[in-house]
Structures are given as C-alpha cells and as structure tokens.
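# Fold and contact review
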Amino acid sequence: MKGQLKVAIQGYEGSFHHIVAHRCLGTDIAIHPCATFREVARQVETGEADYGVMAVENSIAGTILPNLGILHNARVQIVGEYYLHIRQNLMVLPGVELGDIVEVQSHPMALLQCVDFLDAHRWKLVETEDTALSARYIAEHKLRNAAAIAGDLAAELFGLEIVVPDIHSIKNNYTRFLLLRPAGQPLPSGADKASLCFKTDHEHGSLMRVLRAIENSTINMTKLQSSPIPSEPWHYMFHINMEFDSMEEYDRVLADMERNSQQLHVYGVYKRGISTHS
C-alpha cells in the first residue's frame, strides 16, 4: 500500500526475519520476501526497499560469515540491531491432535534445534527451505496428518494452532539481526555501538597496533572476528563490534585505528540492542 515502509527480508512471510521487522518497524509495513541475503542488500541499495533485515549471528551457531562479506561489499548501512529469542513451536490445522500427526515439516536447522522433542515421537521428518513456508504449505494444502515447526507469527498468519509451544532443546537461543538502510544515513540519536572491519599488513605486531587504540580507551570491544579475503589467499579482514559512551572518544579511536590499518570500513554506528528473554 502507498505510504507503507517497504522492508526486504530473507525468507518468507511469517519467518523470524518477519517477526524482527514487525518488532523494529511496526506491523503496518510491506514485506518483500527475498530468496537470498544478497537480494536483501540489493533491494536496500537500489531503494526498492526502505529497510532490510539480515541475520548476522546466532548464540549457538556463531557468525554468519558470508553476510559479513555482503556488508563489506554492499552500499548499505547498519542503523540498528535486534536480538530475537528463537522459539520453535509445533503447529497444525485447527482440530488436529498429536495422535493425528504422521510427519513434521520444517527447515533442517529448526528440526535440529528440536531434536530432543522430536526423538520422543516416531514422526517422519521432512526438510524444507523455510520454517514459515512449511506452515503455509500445510495450511494451503489442508494437511491434517502433518505439522510444521515455526515461529508464532507463522501460526497467526496461516491460521494454524500451536499444539506444543517452545519445543526447542536449548531454551536460551538468540539470533542477532541487523536493520539496514542505504549508505549515507545520518547517525541515529543516542548511537552507542559501531560495527566495522579493517585489514592490516603482515608485519609483526600490525594487528596489535590497531587494537591498541581500543585498549587505551573506555570503549568495549564485544566481538573480534576474522574472515578470509577471497582475492588475497592467507590474508584476512577483521570484523569488530564496539560499544561506547562517548561519540568523541569513538571518533578519536576510529581515527587512530584507521592510521594503523591498510583499509577500514564502517558498517554502521547505531543504538545497541538488548538481549533479554521475550
């Protein structure tokens, strides 16, 4: 609809990316489902979407390294983050009971996350490309002998009932999502976190010279991750998250880091998210 924010997400309506879009931007938005994270970035770059939502890290599985490469190469900017408590639910058509279920459909990662619950039953497990797509398929085909594993928004959107909530084995499972906009946005009010990457030469102590700028400050480095540079074998980019209380100190540290690195790129400066149970 005219006037609605257009939000690109990886996956389908009802997915965890969709849940994050709602929590960050409200429910009166137009969702643009994308097959890949690269397509999310492209839509944000070109203005086809006003915002993009991109998962970048999971508390169990770690960093999604290819997405760091997308951030480095795309003309997008991080303007926010959200930590989503991943809650997997078993859902069916209204009136279907546990004893009616023959098979369970979901993304392979979701099936793996619920292995303890699933092992207690003798259901056929069917791997699909998306949790929400599984829920939609069962609803559209009116499958009364099948269940899906997905987030609660999928049940709401497709008219399914959650027969067993929170079936995931690890209860304290979070995914960190980034909110993206085209590059060149003004800094949000109250910004206190930055994500960036840098590259150094192979001289002795070159990495420590860059990091020493943080050591001699009150800035808290919450993440340091290396990733290979495809065009330069055995050379690496270093990705950093930093939290700070003073923008002036951040600017000073950033200038010092830039002087001691071969290349430095800021993905975004934004307000930090909070990881709490929801």
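Up top is the structure these notes are about.
First, a word on what this report is: a plain description of the structure on this page. (Residues numbered from 1 in each chain as written. Predicted model: local features only at pLDDT ≥ 70, side-chain atom pairs only at ≥ 80, totals over all residues. Heavy atoms only, no water.)

## Some thoughts on the pattern of salt bridges
Following the criterion strictly, the structure yields 16 salt bridges and no others. With its nearest N and O atoms 2.6 Å apart, the salt bridge here joins R42 to E48. Taking relative accessible area as the criterion, E48 reaches 33% and is therefore assigned partly exposed. Here R272 and D192 are joined by a salt bridge, their closest N and O atoms 3.2 Å apart. Taken as a pair, R272 in the segment after β15 (263–270) and D192 in the loop between β11 (174–182) and β12 (193–199) lie far apart in primary sequence, 80 residues in all. (Salt bridge = Lys/Arg side-chain N within 4 Å of Asp/Glu carboxyl O. Buried < 20%, exposed > 50% of the residue type's maximum accessible area, 1.4 Å probe, protein only. Helix = DSSP H or I, 4+ residues; strand = E, 2+ residues; numbered from the N terminus.)

## Concerning the packing of helix α2 (residues 37–46) against helix α3 (residues 65–73)
When two helices pack together, their arrangement is given by the angle between their axes and by how far apart the axes lie. Where α2 contacts α3, the axes come no closer than 10 Å and their chain directions differ by 20 degrees. Relative to α3, the element α2 is oriented roughly parallel. Judged by the sense of rotation from one axis to the other, the crossing of α2 with α3 is right-handed. Of the residues in α3, those touching α2 at F37, R38, A41 and E45 are N67, I70 and N73. Here the residues of the contact of α2 with α3 are counted per class, giving 3 nonpolar, 2 polar and 2 charged. (Axes fitted to C-alpha atoms, helices over the stretch in contact; angles between N-to-C directions. Parallel < 35°, antiparallel > 145°, perpendicular 65-115°, else oblique. Left-handed = near helix turned anticlockwise from the far one by under 90°. Contact = heavy atoms within 4.5 Å. Nonpolar A, V, L, I, M, F, W, Y, C, P; charged D, E, K, R; others polar.)

## As for unusual backbone geometry
Look at D166: it is not a glycine, yet its phi comes out positive at around 50 degrees. Relative to the elements of secondary structure, D166 occurs in the loop between β10 (161–164) and β11. Judged by relative accessible area, D166 falls into the partly exposed class, the value being 27%. One non-glycine residue, W234, lies in the positive phi region at around 70 degrees. You can see W234 is positioned in strand β14 (residues 232–243). Under the relative-accessibility criterion, W234 is labelled exposed at 69%.

## Let's talk about the nonpolar core
In terms of nonpolar packing, the biggest core is built from 35 residues, with V7, V53 and L71 touching the most fellow members. If near-sequence neighbours (up to four positions away) are discounted, V53 is found in contact with V7, A8, I9, Q10, H17, V20, A21, V40, F177, L178 and L179. (Core = buried A, V, L, I, M, F, W, Y, C linked by side-chain atoms within 4.5 Å.)

## Details of the packing of aromatic side chains
Counting across every chain of the model gives 3 aromatic pairs. Relative to W123, the ring of F117 has its centre 6.0 Å away and its plane inclined at 50 degrees; by these criteria the two rings are tilted. F117 sits in the buried class, given a relative accessible area of 18%. Measuring from centroid to centroid gives 4.8 Å for F244 and Y250, while their planes differ by 15 degrees, and the two rings are stacked. In terms of burial, F244 and Y250 fall into one category: buried. Looking at R181, its charged tip hangs above the ring of Y51, at a distance of 4.7 Å from the centre. (Phe/Tyr/Trp six-rings, centres within 6.5 Å; stacked < 30°, edge-to-face > 60°. Lys NZ or Arg CZ within 6 Å of the ring centre and 35° of its normal.)

## With respect to the environment of E45
In this structure, E45 sits in helix α2. Look at E45 and you get partly exposed, because its relative accessible area is 24%. Along the chain, E45 and L133 lie 88 residues apart, while their C-alpha atoms are 26 Å from each other. The contact partners of E45, leaving out residues within four places of it in the chain, are N73, A74, R75 and V76. Within the structure, the side chain of E45 is placed 2.5 Å from the backbone nitrogen of R75, a separation counted as a polar contact. (Polar contact = N/O pair within 3.5 Å; in protein donor to acceptor, adjacent residues only side chain to side chain.)

Purely spatial values, then, with no claim about function.
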